[in-house]
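# Reading the structure
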Amino acid sequence: HTHPVWAGDRVHEFAMKLAGASYMDIHQAGGGIHFTVEHTQKASEEELFNTFRHRLLRMLRAGTTLVECKSGYGLNLETELKMLRVIEQARQLLDSNISSTYCGAHSVPKGKNATEATDDIINNHLPKLKELNLNGEIHVNNIDVFCEKGVFDLNCTRRILQAGKEIGLQINFHGDELHPMKSAELGAELGAQAISHLEEISDEGIAAMASAKCAAVLLPTTAYMLRLKQPQARKMLKEGVIVALGSDFNPNAYCYSMPMVMHLACVNMKMSMKEALAAATINAAYALGRSHMHGSIENGKQGDLIIINSSRWEHLIYQFGGHQELIEYVIVKGKVIYKNERVMGY
Ligand SMILES: N=CN[C@@H](CCC(=O)O)C(=O)O
Ligand SMILES: [Zn+2]
């Protein structure tokens, strides 16, 4: 779960949040996602590709070999397609494995209400995506909606996800983050592959996700950055939910590192290191429908792995922020694509 294609960082908003503004205060005042949308709409495809490539490299150096990349800072069809083309270009040119997510319902664009935006997505965006996916110009795997109070309500979310599913996309969306929305119940009903955030999930939502085998993608950086209530990882695990972890890299939560995400999950969500490792690897692959080829070192799967310089694997989680020194090699499809450099004499 990352939002890695954008222009215009939001370090000024980080200062506002530290001074007490909430995520939604800033969003409703026209900042947040809207700020990034304005800058991304103006940016050239080349500029977006160059910054995106650099971000993928930083993720790779932190050990990420398969990454979900969401669009969602365009909102209009033209810019959403620009972002998806940038993701496609990276998919073709770079070694990182990518799962591409259309997130045109990331926010309600200025000048429209949620129902108008929903109609536009269903009547204009999705037919175009279907056409481009069919002729091979892009390869979009998942459909996403930010199901949240003041963004897309449950009904709009249902309509968009259903329409996405009808054109062959996997459902993988943002739900129950800031307010209880019954997103988990909806996702389970629609056969979603995964739902992210879930800080405000209900008990019924947990049970529904467990029986639907719908993965819960928990995002420790966001809960930490926004000082949200922590998602109930322990309860989810106890009830048999497939728990995955994501970095949520985006201009709000500026973190590339899954080792740091695992550390936060252990300390703040009370997961064990083994649970965090499984959540960041095999379960994260499952959340993208890719666990048959990714997420574990097994006969018949793709040879993606990292080699760390340590006596015990747990050091990758224990040494908070230490992954840059620990990771010696990153290997994709059996080929070394990153080797850590040593400074001579130390
Ligand atoms: N909550 C919605 N979307 C993103 C944040 C996007 C942004 O603020 O730019 C998330 O997953 O945290
Ligand atoms: Zn997100």
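Further up the page is the structure itself.
Basis of the calculations
Residues numbered from 1 in each chain as written. Chains lettered and ligands numbered in written order. Predicted model: local features only at pLDDT ≥ 70, side-chain atom pairs only at ≥ 80, totals over all residues. Heavy atoms only, no water. Buried < 20%, exposed > 50% of the residue type's maximum accessible area, 1.4 Å probe, protein only. Helix = DSSP H or I, 4+ residues; strand = E, 2+ residues; numbered from the N terminus. Pairing = 2+ DSSP bridges. Right-handed = clockwise from strand over helix to strand, strands pointing away. Near = heavy atom within 4 Å. Polar contact = N/O pair within 3.5 Å; in protein donor to acceptor, adjacent residues only side chain to side chain. 1 Å grid on protein atoms, 1.4 Å probe; cavity = no way out; pocket = protein on both sides within 12 Å on 5 of 7 lines; lining within 4 Å. Sits in = over half its atoms within 2 Å of the grid points. Nonpolar A, V, L, I, M, F, W, Y, C, P; charged D, E, K, R; others polar. Phe/Tyr/Trp six-rings, centres within 6.5 Å; stacked < 30°, edge-to-face > 60°. Lys NZ or Arg CZ within 6 Å of the ring centre and 35° of its normal. Axes fitted to C-alpha atoms, helices over the stretch in contact; angles between N-to-C directions. Points joined across faces, edges and corners; volume = space filled by probe spheres on them. Donors = N, O, S within 2.8 Å, 3.2 Å for Na, K, Ca; no water. Tetrahedral: all angles 85-135°; square planar, octahedral: opposite > 155°, others 65-115°.

## A word on the pairing of strand β4 (residues 170-175)
The buried fraction of β4 amounts to five of the six residues, a majority that puts the element mostly inside the structure. As paired elements, strand β3 (residues 142-147) and β4 share four bridges and run parallel to each other. Residue pairing across strands places F146 opposite H174, the latter belonging to β4. Each parallel crossover has a hand, and the one from β3 via helix α7 (residues 154-166) to β4 is right-handed. What joins β4 to strand β5 (residues 194-197) is helix α8 (residues 183-190), and the crossover it makes is right-handed.

## Side note on the site of ligand 1
The environment of ligand 1 is formed by 16 residues, the closest being R10, Y23, Y73, H197 and D248. H197 places a polar side-chain atom, nitrogen or oxygen, 2.8 Å from an oxygen atom of ligand 1. The cavity where ligand 1 resides is the largest cavity. Considered class by class, the residues forming the shell around ligand 1 number five nonpolar, eight polar and three charged.

## Focus: the packing of aromatic side chains
Evaluated as defined, the whole model comprises five aromatic pairs. When the ring of F249 is compared with that of Y256, the centres are 4.4 Å apart and the planes differ by 15 degrees; the resulting orientation is stacked. Each member of the pair, F249 as well as Y256, is classed as buried. Here the aromatic residues W6, F249, Y254 and Y256 are joined through ring pairs into a cluster of three or more. In this structure, R55 packs its charged tip against the face of W6, placed 3.7 Å from the ring centre.

## Considering unusual backbone geometry
A positive phi is found at H197, a non-glycine position, where the angle reads about 85 degrees. Along the polypeptide, H197 turns up in strand β5. With a phi close to 65 degrees, L198 is a non-glycine residue in the positive phi region. Within the secondary structure, L198 is located in the loop between β5 and α9 (203-212).

## Re the sheet that holds β3
Pairing is parallel in the open sheet, where seven strands are placed in the order β1-β2-β3-β4-β5-β6-β7. Either end of the sheet is taken by a strand with one partner, and the two such strands are β1 (66-70) and β7 (243-245). Sheet twist, expressed as the mean angle between neighbouring strand axes with direction ignored, is 25 degrees. Two elements, β5 and strand β6 (residues 215-218), share three bridges in a ladder whose sense is parallel.

## Observations concerning empty space enclosed by the protein
Applying the stated criterion to the full structure yields one cavity of 30 Å³ or more. The computed volume of the largest cavity comes to approximately 120 Å³. Y23, H106, H197, D248 and N250 are the residues nearest the centre of the largest cavity, which is lined by 14 residues in total. Taken together, the residues of the lining of the largest cavity break down into five nonpolar, seven polar and two charged.

## A few points about the coordination of the zinc ion (ligand 2)
Surrounding the zinc ion (ligand 2) are the protein donor atoms H1 (NE2), H3 (NE2) and H174 (NE2), which sit 2.0 to 2.1 Å from the metal. Taken together, the four donor atoms coordinating the zinc ion (ligand 2) and their angles of 96 to 128 degrees define a geometry best described as tetrahedral. All donors of the zinc ion (ligand 2) come from a single chain, and their spacing in sequence reads H-x1-H-x170-H. Of this pair, H3 sits in the segment before α1 (11-18) while H174 sits in strand β4; the two residues are 171 residues apart in sequence, bridging distant segments of the chain. A residue is classified by how much of its surface remains accessible, and H3, at 2% relative accessible area, is buried.

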